[in-house]
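Fold and contact review
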Amino acid sequence: MLIDQATYNRKKLRNQVLIFIIKLLVYLGLTYFSFSQHDLFSRYHWLERTTGAVSMFLAANLLISVGWILTIFWYLQKHRLQKLTRDNFVLGLNRITSVLNTIFFLIALLIFFGQKISELFFSLSIAAAALALLSKDYITNMINGLIIMFSDQLSLGDQIKINEYRGKVLDITLVNVVLQNEDDDIVLIPNSVIFSSMVINQSKQNIKKLTIEFELDLKHQAYPEMIEKALKTVLIPFSSNITDSSFSLKILEIKKDAVHYKVQFLMPRPDKETERKIRRLLHNCILSFSGREVNSNEDAVQNTGL
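Predicted model only: the values in this text are computed from it and were never measured. (Residues numbered from 1 in each chain as written. Predicted model: local features only at pLDDT ≥ 70, side-chain atom pairs only at ≥ 80, totals over all residues. Heavy atoms only, no water.)

As a further point, take the overall build of the protein. Each helix and strand in the protein was counted, giving 10 helices and 8 strands. Sequence-distant contacts, at least 24 apart, represent 65% of the contacts inside the protein between residues at least 6 apart. Of the roughly 19,700 Å² that the protein leaves accessible, carbon and sulfur atoms contribute 61%. (Helix = DSSP H or I, 4+ residues; strand = E, 2+ residues; numbered from the N terminus. Contact = heavy atoms within 4.5 Å. Areas by Shrake-Rupley, 256 points an atom, 1.4 Å probe, with all protein chains shown as cover.)

The buried fraction of strand E3 (residues 176-180) is high, at 5 of 5 residues. Sheet topology places strand E2 (residues 165-172) next to E3; 4 bridges connect them, and they run antiparallel. Looking across to E3, one finds that Ile 172 is bridged to Val 177. The hairpin formed by E2 and E3 contains 3 residues between the paired strands. (Buried < 20%, exposed > 50% of the residue type's maximum accessible area, 1.4 Å probe, protein only. Pairing = 2+ DSSP bridges.)

Together, Val 17, Ile 21, Leu 24, Leu 25 and Leu 28 line one region of the surface with nonpolar side chains, adding up to about 430 Å² of accessible area. Along the chain, Leu 24 turns up in helix H1 (residues 2-36). (Patch = residues over 30% accessible without salt bridge, like charges linked within 9 Å, V, L, I, M, F, W, Y side chains within 5 Å. Salt bridge = Lys/Arg side-chain N within 4 Å of Asp/Glu carboxyl O.)

Moving on, we get to the sheet that holds strand E6 (residues 208-217). On the basis of which strands lie adjacent, the open sheet formed by 3 strands has the order E6-E8-E7 and antiparallel pairing. Strand pairing shows two members of the sheet lacking a second neighbour, E6 and strand E7 (248-254), which therefore form its edges. Here the average twist between neighbouring strands, direction ignored, is 20°. Pairing of E7 with strand E8 (residues 258-267) involves 6 bridges; the strand directions are antiparallel. Bridge pairing in E8 links Lys 250 to Lys 262. Across the sheet, helix H8 (residues 224-234) lies against E6, E7 and E8, angled at about 140° from E7, the strand it touches most. Sitting on the sheet, helix H9 (residues 272-289) is in contact with E6 and E8, with an inclination near 15° to E6. (Axes fitted to C-alpha atoms, helices over the stretch in contact; angles between N-to-C directions.)

Glancing now at H8. Taken as a whole, H8 has its buried residues at Met 226, Ile 227 and Leu 231. Taken end-on, H8 shows its buried residues confined to a sector of 130°, consistent with a single buried face. (Arc of directions from axis to C-beta.)

Turning next to the packing of H8 against H9. As a packed pair, H8 and H9 sit with axes 9 Å apart at the nearest point and diverge in direction by 145°. For the pair H8 and H9, the sense of crossing is right-handed. Along the contact surface, H8 presents Met 226, Ile 227, Ala 230, Leu 231 and Val 234, while H9 presents Leu 281, Leu 282, Cys 285, Ile 286 and Phe 289. (Left-handed = near helix turned anticlockwise from the far one by under 90°.)

Note: strand E1 (residues 159-162) against E2, 4 bridges, orientation antiparallel. Within E2, the residue paired with Ile 160 across the bridge is Gly 167. The loop that links E1 with its antiparallel partner E2 comprises 2 residues; one of these, Asn 163, has a positive phi angle of about 55°.

This part is about the packing of aromatic side chains. In this structure the tally under the stated criterion is 3 aromatic pairs. Plain terms: the ring middles of Phe 57 and Phe 105 are 5.9 Å apart, the flat faces sit at 80° to each other, and that makes the pair edge-to-face. Of this pair, Phe 57 sits in helix H3 (residues 45-78) while Phe 105 is found in helix H4 (residues 88-112), placing the two residues 48 residues apart along the sequence. For Phe 57, a relative accessible area of 24% corresponds to the partly exposed category. (Phe/Tyr/Trp six-rings, centres within 6.5 Å; stacked < 30°, edge-to-face > 60°.)

As a further point, take H9. Given 3.6 residues per turn, any residue in an α-helix points the same way as the ones three and four places further on. The terminal C-alpha atoms of H9, which comprises 18 residues, lie 26 Å apart, in line with the 26 Å expected from a rise of 1.5 Å per residue. Of the residues making up H9, those classed as buried are Thr 274, Glu 275, Ile 278, Arg 279, Leu 282, Cys 285, Ile 286 and Phe 289. All buried residues of H9 lie within an arc of 130° about the axis, which places them on one face of the element. Each element contacted by the buried residues of H9 is listed here: E6, H8 and E8. (Expected span 1.5 Å × (residues − 1).)

In summary, soluble globular proteins display a tendency toward joint burial of nonpolar side chains. With 23 residues, the main nonpolar core has Phe 214, Ile 227, Leu 231, Leu 249, Phe 265, Ile 278 and Leu 282 as its most contacted residues. Mapped onto this core, the elements with two or more residues apiece are E6, H8, E8 and H9. Those residues in contact with Phe 265, other than ones at most four positions away along the chain, are Lys 208, Lys 209, Leu 210, Leu 235, Ile 242, Ser 246, Phe 247, Ile 278 and Leu 282. In this structure, Met 149, Ile 162, Val 187 and Ile 189 belong to the second largest nonpolar core, which totals 15 residues. (Core = buried A, V, L, I, M, F, W, Y, C linked by side-chain atoms within 4.5 Å.)

Set out below in structure tokens:
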């Protein structure tokens, strides 16, 4: 698989270099054609507009590509990387190049339809103002997305929690952050929500904090010591996956009909499959208390010697 991936990367790089060379040759050919065919342009104005629009877009695209290559080369040298990795900086740089290419493509369209340079900038300023008014939320999301991409607070692959959502960061776009939750569902969270909400990044701690909250009806209530002992017992097979002395069982609230608990512990080596097994065991253990009466719980405590 590694050999196949390396071969794929080499082929992709060769294709990108080939496309760059083709665009450069087309641009040079159009430039030569523009300077050598004045008579033809005077008779066919649409040909002049087409050549000018394509030449302008190719020139901008080539400059953007050169800027991308130089920036990536500087980034690899600065961080002493042997090969290009898909991280936040590269992701943000790719998004910026896409936006710039789109802008110059729109300018090329205006040139094709006969806009003069002075009228072009006037039209662009009006279009930009109208776009800012009509889609300010989208623009805010774009700016927030770029800030996230070029920061080190949130990275691809991080395990994060945002409000009630928890999962792994798969991608960061100009619109939203893509999460994969524990059920392998894809959750899209707008960038504006990221900036306006409290985000818990568990990967920055190099640990995984597993938390389960539950309620037990008072008529099926057991002593907290008994609940804690039972939960610790089911976790014995996973003792190597749990940080020592990190287990805790807290009573969050005593209600009229139920008691609200929270069990929490740390996992030094996060593993999704192991976490699922642990959660399943804990849920089964918690459910086992829901069918017991208070008197039977007291007898159980006496029998276990607690």
